[in-house]
Amino acid sequence: MGQRNADRIPITMRRAQCETVADMAAAVWDVITACRACGLAMAVDLALVARVSGPKTTLWNRKARCRRIGCAGWVDFRAKAPGMSIHETLAADDRLPITEGERARRNREDG
Ligand SMILES: [Zn+2]
């Protein structure tokens, strides 16, 4: 039984604990945007996003236009939680994995 490496935890599994920019800032996530067309990468200021758009803003499954002049590409939001070695795209199935409590509740309803 090897210990599970923080690196091996898919970022989607972290979503339940880090849905909003305030959550991500509190958990010291490093968030960037990366353009699909030109590759331009930029740091995302989570505190600024929280101030401008509200602390409950989510970056999951979001995309935005590239900021580079002349580039019409779309950027993905990518994040690196502490312990992760690379930034992963904040793309997640909107159906969150069900919790143990939810599983138990559903089982009770089935029976
Ligand atoms: Zn671009």
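Residues numbered from 1 in each chain as written. Predicted model: local features only at pLDDT ≥ 70, side-chain atom pairs only at ≥ 80, totals over all residues.

A.B. asks: With reference to specific residues and values, describe the environment of Ala81.
C.D. replies: Considering the arrangement of structural elements, one finds Ala81 in the loop between strand 4 (74–80) and strand 5 (88–89). On the basis of neighbour count, Ala81 is assigned to the partly exposed category, with 19 C-beta atoms found within 10 Å. In this structure the C-alpha to C-alpha distance between Ala81 and Asp30, which are 51 residues apart in sequence, comes to 6.4 Å. Beyond its immediate chain neighbours, meaning those up to four positions away, Ala81 contacts Arg14, Ala27 and Trp29. (Helix = DSSP H or I, 4+ residues; strand = E, 2+ residues; numbered from the N terminus. Buried ≥ 20, exposed ≤ 12 C-beta atoms within 10 Å, placed from the backbone. Contact = placed C-beta atoms within 7 Å.)

A.B. asks: Run through the pairing of strand 1 (residues 30–35), naming residues and quoting values.
C.D. replies: Across a regular strand the side chains alternate sides, sitting on one face of the sheet and then on the other. Here strand 1 shows a clear split, with Val31, Thr33 and Cys35 buried on one side and none of Asp30, Ile32 and Ala34 buried on the other. Here strand 1 pairs with strand 4 via six bridges, running antiparallel. For Ala34, the partnering residue across the bridge sits in strand 4 and is Asp76. With three bridges connecting them, strand 1 and strand 2 (residues 41–43) associate as antiparallel partners. (Pairing = 2+ DSSP bridges.)

A.B. asks: Give me the nonpolar core: which residues, what numbers.
C.D. replies: Judged by nonpolar contacts, Ile11, Cys18, Val21, Met24, Trp29, Val31, Leu46, Leu59, Phe77, Ala79 and Leu90 together constitute the single largest core of eleven residues. At the level of secondary structure, the elements contributing two or more residues to this core comprise helix 1 (21–26) and strand 4. Ignoring anything within four residues of it in the chain, the contact list for Ala79 reads Ile11, Met24, Trp29, Asp30, Val31, His87, Glu88 and Leu90. (Core = buried A, V, L, I, M, F, W, Y, C linked by C-beta atoms within 7 Å.)

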